[in-house]
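Structure assessment
So the chains spell out like this:
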Amino acid sequence: MTGFTVLLQSATQSERLEQVVSFVGEDASGSFGLMQGHGRFITSLVFGMARVRYLDGRREYLALPEAVARFDRDELTLSTRRYLRGDDYAQISQRLRDDLVREENNLVELKRSLEQMERAMMLRLWRMGRSQEALT
């Protein structure tokens, strides 16, 4: 048994994991597993943790904020905007939570900034309209 290959692809990094015996992930229908010889398969993974087991018995965890999983000819391709990988579940889980909090804070700040820009633009348009009225 030679296992299968997992290709991890994100916006900033990519890795190739060899001699994988099994992959366990979760999509909208629930948890599922893939092993060597599985038929062609594609799904969208939900936010969470996935598990990879190697021929030598090692296990690794992948924290994925959603991903597209495609399995074909004993090659699993995981495409995501980012991922975390490691063998310590607690550490990876904490890093995922920290990243999620950081991302949420960034989104709140972005929304606040957009609202300020919108208010400034509306005020400027209102003033321009008033200036046009004064000219006529």
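Presented here is an overview of the structure given in this document.

How each quantity is defined
- Residues numbered from 1 in each chain as written.
- Predicted model: local features only at pLDDT ≥ 70, side-chain atom pairs only at ≥ 80, totals over all residues.
- Heavy atoms only, no water.
- Helix = DSSP H or I, 4+ residues; strand = E, 2+ residues; numbered from the N terminus.
- Expected span 1.5 Å × (residues − 1).
- Buried < 20%, exposed > 50% of the residue type's maximum accessible area, 1.4 Å probe, protein only.
- Contact = heavy atoms within 4.5 Å.
- Polar contact = N/O pair within 3.5 Å; in protein donor to acceptor, adjacent residues only side chain to side chain.
- Patch = residues over 30% accessible without salt bridge, like charges linked within 9 Å, V, L, I, M, F, W, Y side chains within 5 Å.
- Areas by Shrake-Rupley, 256 points an atom, 1.4 Å probe, with all protein chains shown as cover.
- Salt bridge = Lys/Arg side-chain N within 4 Å of Asp/Glu carboxyl O.
- Phe/Tyr/Trp six-rings, centres within 6.5 Å; stacked < 30°, edge-to-face > 60°.
- Lys NZ or Arg CZ within 6 Å of the ring centre and 35° of its normal.

Our focus in this paragraph is helix H1 (residues 89-135). Residue pairs three or four apart in sequence face the same way in an α-helix, which turns once every 3.6 residues. Between its first and last C-alpha, H1 extends 69 Å over 47 residues, near the 69 Å set by a 1.5 Å rise per residue. Along H1, the residues that are buried comprise Ile92, Ser93, Leu96 and Asp99. Structurally, H1 contributes buried residues whose contacts are with strand E5 (48-54), strand E6 (59-64) and strand E9 (84-86). Among the residues of H1, the N-terminal cap falls to Asp88, whose side-chain oxygen and the backbone nitrogen of Ala90 are separated by 3.1 Å.

It is worth spelling out the environment of Leu84 at this point. Mapped onto the elements of the fold, Leu84 is located in strand E9. A relative accessible area of 11% places Leu84 in the buried class. For Leu84 and Leu64, which are 20 residues apart along the polypeptide, the C-alpha to C-alpha distance reads 6.9 Å.

Below, the discussion takes up the side chain of Glu60. Locating Glu60 in the fold gives a position in strand E6. The buried category is assigned to Glu60, whose relative accessible area is 10%. At 2.6 Å, the side chain of Glu60 and the side chain of Tyr54 are in polar contact. Once you skip the residues sitting within four places of it in the chain, Glu60 turns out to touch Leu17, Ala50, Arg51, Val52, Tyr54, Arg85, Gly86 and Asp87.

In this section: a nonpolar patch on the surface. A surface patch of nonpolar side chains, amounting to about 390 Å² of accessible area, comprises Leu107, Leu110, Leu114 and Met117. One can find Leu107 in helix H1. On the basis of relative accessible area, Leu107 is assigned to the partly exposed category, the value being 44%.

This part covers the packing of aromatic side chains. The geometry of an aromatic ring pair is captured by the separation of the ring centres together with the interplanar angle, meaning the angle of the planes. All told, the structure shown has 4 aromatic pairs when counted by the stated rule. A ring pair is formed by Phe4 and Phe71, whose centres lie 5.2 Å apart and whose planes are at 85°; its orientation type is edge-to-face. You can see Phe4 sitting in strand E1 (residues 4-9) and its partner Phe71 sitting in strand E7 (residues 67-72), a full 67 residues away along the chain. Each member of the pair Phe4 and Phe71 is classed as buried. Where Phe23 meets Phe32, the ring centres are 6.3 Å apart and the plane angle is 50°; that geometry is what we call tilted. Taken together through their ring pairs, the aromatic side chains of Phe23, Phe32 and Phe41 make up a single cluster. A cation over an aromatic ring shows up here: Arg58 above the ring of Tyr54, its NZ or CZ 4.1 Å from the ring centre.

As a further point, take the pattern of salt bridges. Inspection of the entire model under this criterion finds 13 salt bridges. Glu75 is the salt-bridge partner of Arg16, the closest N and O atoms lying 3.9 Å from each other. Of the two residues, Arg16 is situated in strand E2 (residues 14-27) and Glu75 in strand E8 (residues 75-79); the sequence distance between them amounts to 59 residues. Salt-bridge contacts for Arg85 lead to Glu60; the nearest nitrogen and oxygen are separated by 2.8 Å.

Before going further, it helps to examine unusual backbone geometry. Positive phi, close to 55°, is recorded for Gln19, a residue that is not glycine. As for its position among the elements, Gln19 is in strand E2. With relative accessibility at 49%, the residue Gln19 sits in the partly exposed group. Here Asp74, not a glycine, exhibits a phi torsion of approximately 60°, which is positive. With respect to the helices and strands, Asp74 occurs in the loop between E7 and E8.

Read these as spatial facts, not as claims about activity.
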